[in-house]
Amino acid sequence: MQNSENNQNHHHSDTEIIGGNDRTSYSGPLSGPLNKRPAGGRKSARFNIPGDSAAPAPANSGDDYVEITLDVREDSVAVHSVKAAGGGEVEDPELALLARGLEKRSSFGSSVVRNASSRIRQVSQELKRLASLTRRPQPAGRFDRTKSAAAHALKGLKFISKTDGAAAWQGVEKRFDDITKDTNGLLPRSRFGECIGMNKEKESNDFAGELFDALARRRSISGGAINKAQLREFWDQVADQSFDTRLQTFFDMVDKDADGRITEEEVREIITISASANKLSNIQKQADEYARLIMEELDPNEMGYIMIENLEMLLLQGPSQSVRGERESRNLSKMLSEKLKANEEHVIKRWYRDGRYFLLDNWQRVWVMALWIGVMAVLFTWKYIQYKDREVFEVMGHCVCMAKGAAETLKLNMALVLLPVCRNTITWLRNKTRLGVAVPFDDNLNFHKVIAIAIAMGVGIHGISHLACDFPRLLSATPDEYEGMERFFGEQPTSYWFFIKGWEGVTGIVMVVLMAIAFTLASPWFRRGKINLPKPLNKLTGFNAFWYSHHLFVIVYASLIIHGIKLYLTKEWYKKTTWMYLAVPLTLYACERLIRAFRSSIKAVKILKVAVYPGNVLTLHMSKPQGFKYKSGQYIFVNCAAVSPFEWHPFSITSAPRDDYVSVHIRTLGDWTRQLKEVFSKACQPPPTGKSGLLRADYLQGENSSNFPIKVLIDGPYGAPTQDYKCYDVVLLVGLGIGATPMISVVKDIVNNMKEIDSEDKALEEGGAGPSPFATSKQSAGSGSGRHNFKTRRAYFYWVTREQGSFDWFKGVMNEVSEMDHKGVIEMHNYCTSVYEEGDARSALITMLQSLNHAKNGVDVVSGTRVKSHFAKPNWRTVYKRIALNHPNSRVGVFYCGAPPPVKELRQLASDFSHRTNTKFEFHKENF
């Protein structure tokens, strides 16, 4: 309908939102007084489309206009249609999408009547902007809303993760009622984030507060608190799934003064808030620099502000390369997904299939465990039958058979428990023999723990059988029954003290007490300090307590030998077999310890460099001892007499075999590592300005290095699963936090191998007959077999860490890989889990900033390296799926080091993909 100009002026309050020279003239108000309108109706308004001139066109001019029809009812205001001049429907998909985004439904009846005028003003303002879109010139370089770009953009700017309609609102409403029961029905700004389901961390509350302010500004709400009706309005906007609504909400958050323009100061402030919400302290420190970067990119004409169109252009820059790659392999991916789906089948068939898969994946463990259990069963049965046929059975019955059967298994297990910790022997067997094909050397510590459990069970059976059954029967036997026992025990005892005071009793009690102490302090709760004990009992937790308590087994083994000699029922020396079981393992273990002491004393190392990085990580670069050879993935033991002359702690080697130094990265997690950091802090000087690390000892290189006051000994190297990476065509390297250390060594080794192979190829092309003249002597020495041993052709490295500062640990390595890897052999992925997942509004600005800075400077704003970071946790299923699609008919070695939680998923996925695709995955976990 067309209203007069006078009527338009009369309703000036409905048009005052269109101000300044940008005001767009229209034909009249959207409706008459709302409190007098019928229950429902359809109202239309025409908006003239502004031309190039600044002066508004008359309503009755021949210029083009847009006619917008609204359905106005008591509980809703909805857009019915948008028509161009001449009555044709608007075909512009952008305009139609925006118009649909303006529908504002409400379920509050009377509140709509009270606030309807304010609603119409808001709708009018947005419709004015819609009308101008059909003639607004596109900004230079603006990205069109292609189908792929729209799909990409709709994944972003999610303010809340769950928006499942009425059910989600019910949860919000319930939290509102709980929070406001003592505040007269008003929700304070400080608890808005908690109410709508954002995280409760302080940083997220700051972001939620800014969101609250933006929503309140648009509705002219002041006071810092809202009622339920206003919360419902806020919720409808935040939960709206249309990209345009999200974009406008985010723009309003940045636009603090609500003038429709974003200044550099406002950009700086929202960068600081976003960085704080994602725990990115480095970005907070560089907020000024990054604000200038965004302004330079989005305000090339130096107007001093950016508009919503500029922000939209940045967000709609299209999907990433990974999306395109997935599109290209969509059919293969779909076929693979179908194969991986669990088909419904009979329970017996499923059990058979799962059992077969288990045997295929674990046949090495199965045969070792079956052999061990079988030997124990044979020994127990043999002793049980033997004592059942002896005369002591008449008095002590089956109890003595149980005790002696358990004792025989104890002899075996007390011997076997030492073998898995003979690291030099295991490393030699792994490197020099083919036994690794059939023996799971990677599970040495797990087998050590399983044997310890069997020892505890054997001690329990043996002790209870004697104390609760055998000894009471001897004490209560009649003289006639006891007569046959006199040659074993002498005169019939009258109390328990007889059994306790002898060698057998004393040594047995000592062993049980010391074993109980060692087993308890070796449990994860005590060893990892998960139990908080008051002083001085807190000394019983941590690695030190575990380390020293384990050395109590020196006394245990001495007591066991005495206990096995001073037997009641066995008198012949050749039947006293305890020492026979223990002779070889004890000798082997003693030699291992002597070798460690001898080797570490002659392999003196010089400290070349010391640095402390964020996350309390101490880095030591040490000289390589004469003849010290190792493989990537192996580890060494480190001893520092200034902390403790007796303690040796294992750490992965982070340098590559061809480096002229040995390096380790030590995270401060326990008492020993904390003291080590303190010792080096006192001995080293602060770093030069602009250098990474908090401590440095570079000045020690050269003649003065021998004067360094701290003496460090190393022992090793020792074998680890990751050292076998060269046996695989493709490797997937996964490190969590400090668990990336062995993987970094592998990555560096792959780079060095690539350099060597390239130099050999270059030498051959130039007509040379040997290795490249540019190769070092060490490289030349290994070049003859390096090409043949180096089977790996592709590596995927995934590093997952909570802290942004962790990326400083290996920044140099990652940059070197990015520069050297021209053939794309190594694909590196950094994941920072403190950042909200990609698509979350709290990380949206970080994503924009990351794209801009990486495109302009080639550096990632999160990691500070050339490797672009991802947010939140990886989708491991997708990772395996990509590798299976890219490398059919290949063997993939999956190597993991870090905390236990992901192990089950990674191992299960390796099994699933191996059995249901033609790509074979083999999972390995570091256990030292």
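Computed from a prediction, not measured in an experiment: that's the story for all the values here.

Engineer: Which parts of the structure should I look at to understand the packing of aromatic side chains?
Structural biologist: In this description, a pair of aromatic rings is defined by centroid distance and the angle of the planes. Across all of its chains, the model carries 22 aromatic pairs by this definition. Ring centres of Phe 192 and Phe 212 lie 5.4 Å apart, and the angle between their planes is 70°; this geometry places the pair in the edge-to-face category. Of this pair, Phe 192 sits in helix H6 (residues 192–196) while Phe 212 sits in helix H7 (residues 202–218), and the two are 20 residues apart along the sequence. A centroid spacing of 5.0 Å and a plane angle of 45° characterise the contact between Tyr 880 and Phe 921, whose relative ring orientation is tilted. Linking Tyr 880 in helix H34 (residues 876–886) with Phe 921 in strand E18 (residues 920–925), this pair joins segments that are 41 residues apart in sequence. There is no split in this pair, since Tyr 880 and Phe 921 are both buried. Here the aromatic cluster, defined as three or more aromatic residues joined through ring pairs, consists of Trp 799, Phe 807, Trp 809 and Phe 810. Its guanidinium or amino end placed over the ring of Trp 382, Lys 383 lies 4.8 Å from that ring's centre, counting from NZ or CZ.

Engineer: Quick question: what am I supposed to make of the nonpolar core here?
Structural biologist: Burial of nonpolar side chains together is a common tendency in soluble globular proteins. Among the nonpolar cores identified, the biggest contains 93 residues, and Leu 231 and Ile 826 are the most heavily contacted of them. Not counting the four nearest positions on each side in its chain, Ile 826 is found in contact with Val 747, Ile 750, Val 751, Met 754, Ala 795, Val 817 and Asp 821. Counting residues in each nonpolar core, the second largest holds 26 residues, with Val 605, Val 612, Val 662 and Ile 714 among its members.

Engineer: Before we go on, may I ask you to explain the state of the cysteines in this structure?
Structural biologist: Two cysteines joined by a covalent bond between their sulfur atoms form a disulfide. Within this structure, the stated rule accounts for one disulfide. A sulfur-sulfur distance of 1.6 Å marks the disulfide that ties Cys 399 to Cys 469. For the disulfide bridge between Cys 399 and Cys 469, the dihedral angle about the S-S bond is near 65°, and by the sign convention the bridge is right-handed. Taken together, the residues span a long stretch of sequence, with Cys 399 in helix H18 (residues 398–416) and Cys 469 in helix H20 (residues 444–476) at a distance of 70 residues. A residue is classified by how much of its surface remains accessible, and Cys 399, at 16% relative accessible area, is buried.

Engineer: Could you clarify how one ought to interpret the sheet that holds strand E9 (residues 635–640) in this entry?
Structural biologist: Hydrogen bonding along the main chain pairs the strands of a sheet, whether they run parallel or antiparallel. The three strands lie next to each other as E10-E9-E12, forming an open sheet whose pairing is antiparallel. Lying at the two open borders of the sheet, with one neighbouring strand each, are strand E10 (649–652) and strand E12 (712–718). For this sheet the average axis-to-axis angle between neighbouring strands, irrespective of direction, equals 30°. Sheet analysis places E9 next to E10, joined by four bridges and oriented antiparallel. From the neighbouring strand, Val 638 faces E10, where its bridge partner is His 649.

Engineer: Looking at this structure, I do not really get the sheet that holds strand E15 (residues 826–832). What am I missing?
Structural biologist: Strand order in this open sheet of six strands is E16-E15-E14-E13-E17-E18, and the pairing throughout is parallel. Each edge of the open sheet carries a strand with a single partner, namely strand E16 (869–871) and E18. Across the sheet, the mean angle from the axis of one strand to that of its neighbour is 20°, orientation sign disregarded. Sheet analysis places strand E14 (residues 794–801) next to E15, joined by seven bridges and oriented parallel. Residue pairing across strands places Thr 801 opposite Cys 832, the latter belonging to E15.

Engineer: What exactly am I supposed to notice about the pattern of salt bridges here?
Structural biologist: Note that side chains of opposite charge can pair when their charged atoms are close. Throughout the structure, instances matching the rule amount to 27 salt bridges. Arg 218 is the salt-bridge partner of Asp 252, the closest N and O atoms lying 2.8 Å from each other. With a gap of 34 residues between them, Asp 252 in helix H9 (residues 243–254) and Arg 218 in helix H7 connect regions that are remote in the sequence. A relative accessible area of 12% places Asp 252 in the buried class. One salt bridge in this structure joins Glu 922 and Arg 891, with 3.2 Å as the shortest N-O distance. In this pair, Glu 922 sits in strand E18 while Arg 891 sits in strand E17 (residues 891–897), placing the two residues 31 residues apart along the sequence. For Glu 922, a relative accessible area of 28% corresponds to the partly exposed category. The class of Arg 891 is partly exposed, set by a relative accessible area of 31%. Overlapping salt bridges bring together Glu 264, Glu 265, Arg 268 and Asp 288 as one network.

Engineer: Got a minute to help me understand the environment of Leu 474 in this structure?
Structural biologist: Among the secondary structure elements, Leu 474 is positioned in helix H20. Taking the C-alpha atoms as reference points, Leu 474 and Val 392, 82 residues apart in sequence, are found 10.0 Å from one another.

Engineer: Teacher, can you tell me more about a positive patch on the surface here?
Structural biologist: Positive charge collects at one region of the surface, where Lys 449, Arg 527, Arg 528 and Lys 530 lie side by side. Considering the arrangement of structural elements, one finds Arg 528 in the loop between helix H25 (524–527) and helix H26 (543–550). By relative accessible area, which is 62% here, Arg 528 ends up exposed.

Engineer: Even after reading the chapter, I still don't get the UniProt feature "domain: EF-hand" (unreviewed entry) in the chain, so can you show me in this structure?
Structural biologist: Per the UniProt record, "domain: EF-hand" (unreviewed entry) is found at residues 242–277. Here residues 242–277 is 72% helix and 0% strand, with 24 Å between the C-alpha atoms at its ends.

Engineer: When you look at H34 in this model, what are you seeing that I'm missing?
Structural biologist: For an α-helix, the turn length of 3.6 residues means that residues three or four places apart are oriented alike. Residues of H34 that are buried: Trp 876, Val 879, Tyr 880, Ile 883 and Ala 884. Along the long axis of H34, the arc covered by the buried residues comes to 130°, so they all point the same way.

Engineer: Just checking my understanding: could you explain unusual backbone geometry for this structure?
Structural biologist: In terms of backbone geometry, most residues other than glycine have negative phi values and most peptide bonds are trans. In this structure, Pro 717 follows Gly 716 across a cis peptide bond, with omega equal to 5°. Looking at the element boundaries, Pro 717 is found in strand E12. Even without glycine at this site, Asn 184 takes up a positive phi of about 60°. With respect to the helices, strands and loops of the structure, Asn 184 is situated in the loop between helix H5 (165–179) and strand E5 (187–188).

Engineer: How should the pairing of E15 be read in this particular structure?
Structural biologist: A regular strand places its side chains on the two faces of the sheet in alternate fashion. Taking burial as the measure, the seven residues of E15 include seven buried ones, the bulk of the element. Both faces of E15 are covered, namely the face carrying Ile 826, Met 828, Asn 830 and Cys 832 and the face carrying Glu 827, His 829 and Tyr 831. Between the parallel pair E14 and E15, the chain is carried across by helix H32 (residues 811–820), and the sense of this crossover is right-handed. With three bridges connecting them, E15 and E16 associate as parallel partners. For Cys 832, the partnering residue across the bridge sits in E16 and is Phe 871.

Engineer: I tried to follow the pairing of E12 on my own but got confused; where do I start?
Structural biologist: Burial within E12 is extensive, with seven of its seven residues counted as buried. As defined by bridge partners, E9 adjoins E12 across five bridges and the pair is classed as antiparallel. Of the residues in E12, the one forming a bridge with Phe 637 is Asp 715.

Engineer: Whenever I open this one, the packing of H18 against H20 confuses me. Can you help?
Structural biologist: Axis angle and axis distance: for two packed helices, these are the angle between their axes and the distance between the axes, and together they describe the pair. One way to put it is that H18 packs onto H20 with a least axis distance of 8 Å and a crossing angle of 155°. Classified by the interaxial angle, the pair formed by H18 and H20 is roughly antiparallel. The interaxial crossing formed by H18 with H20 has left-handed handedness. Contacts between H18 and H20 pair Cys 399, Val 400, Met 402, Ala 403, Ala 406, Ala 407, Leu 410, Asn 413, Met 414 and Leu 416 from the former with Ile 451, Ala 454, Ile 455, Gly 458, Val 459, Ile 461, His 462, Ser 465, His 466, Cys 469 and Asp 470 from the latter. Tallied by class, residues from the contact of H18 with H20 come to 15 nonpolar, five polar and one charged.

Parameters and conventions
- Every chain is numbered independently, its residues counted from 1 as its sequence is written.
- Given that this is a predicted model, residues contribute local features only at a pLDDT of at least 70 and side-chain atom pairs are listed and counted only at 80 or more, while totals for whole chains, interfaces and linings are drawn from all residues.
- To obtain the side-chain values, all non-hydrogen atoms of the structure were used and water was disregarded.
- Pairing of aromatic side chains requires ring centres within 6.5 Å, counting the rings of Phe and Tyr and the six-membered ring of Trp. Pairs whose planes differ by under 30 degrees are stacked, by over 60 edge-to-face, and all others tilted.
- Here a helix means four or more residues in a row that DSSP labels H or I, a strand means two or more in a row labelled E, and each is numbered from the N terminus.
- Between buried and exposed lies partly exposed: a residue is buried under 20% and exposed over 50% of the maximum accessible area for its type, with that area taken using a 1.4 Å probe on protein chains only.
- Here, a charge over a ring is recorded when the distance from Lys NZ or Arg CZ to the ring centre is within 6 Å and its angle to the ring normal is within 35 degrees.
- Among buried residues, those of type Ala, Val, Leu, Ile, Met, Phe, Trp, Tyr and Cys that are joined through side-chain atoms within 4.5 Å constitute a nonpolar core.
- In this analysis, two residues are considered to be in contact whenever any of their non-hydrogen atoms come within 4.5 Å of each other.
- Disulfide: a pair of cysteine sulfur atoms within 2.5 Å of each other.
- When DSSP locates at least two bridges between a pair of strands, those strands are taken to pair.
- Where helices are involved, their axes are fitted lines through C-alpha atoms of the stretch in contact, as for all axes, and angles between N-to-C directions lie from 0 to 180°.
- A pairing counts as a salt bridge when a side-chain nitrogen of Lys or Arg comes within 4 Å of a carboxyl oxygen of Asp or Glu.
- The patches reported here contain residues having more than 30% relative accessible area and no salt bridge. Joining distances are 9 Å for like charges and 5 Å for nonpolar side chains (Val, Leu, Ile, Met, Phe, Trp, Tyr).
- In short, Shrake-Rupley with a 1.4 Å probe defines the accessible areas, and a residue's cover is counted only from the protein chains shown.
- We score Asp and Glu as negative and Lys and Arg as positive, and we do not count His or the chain ends.
- One atom stands in for each charge, and that atom is NZ of Lys, CZ of Arg, CG of Asp or CD of Glu.
- UniProt positions are given in the numbering used here, feature names are shortened, and annotations may be inferred rather than shown by experiment.
- By definition, the arc is the one covered by directions from the helix axis to the C-beta atoms.
- For crossovers, right-handed means that the path from the first strand over the helix to the second runs clockwise, given strands pointing away from the viewer.
- Note on terminology: angles under 35 degrees are roughly parallel, angles over 145 are roughly antiparallel, angles of 65 to 115 are roughly perpendicular, and the others are oblique.
- Crossing handedness is read from the near helix: turned anticlockwise from the far helix by less than a right angle, it gives a left-handed crossing, and turned clockwise, a right-handed one.
- The classification used treats Ala, Val, Leu, Ile, Met, Phe, Trp, Tyr, Cys and Pro as nonpolar, Asp, Glu, Lys and Arg as charged, and all other residues, Gly among them, as polar.

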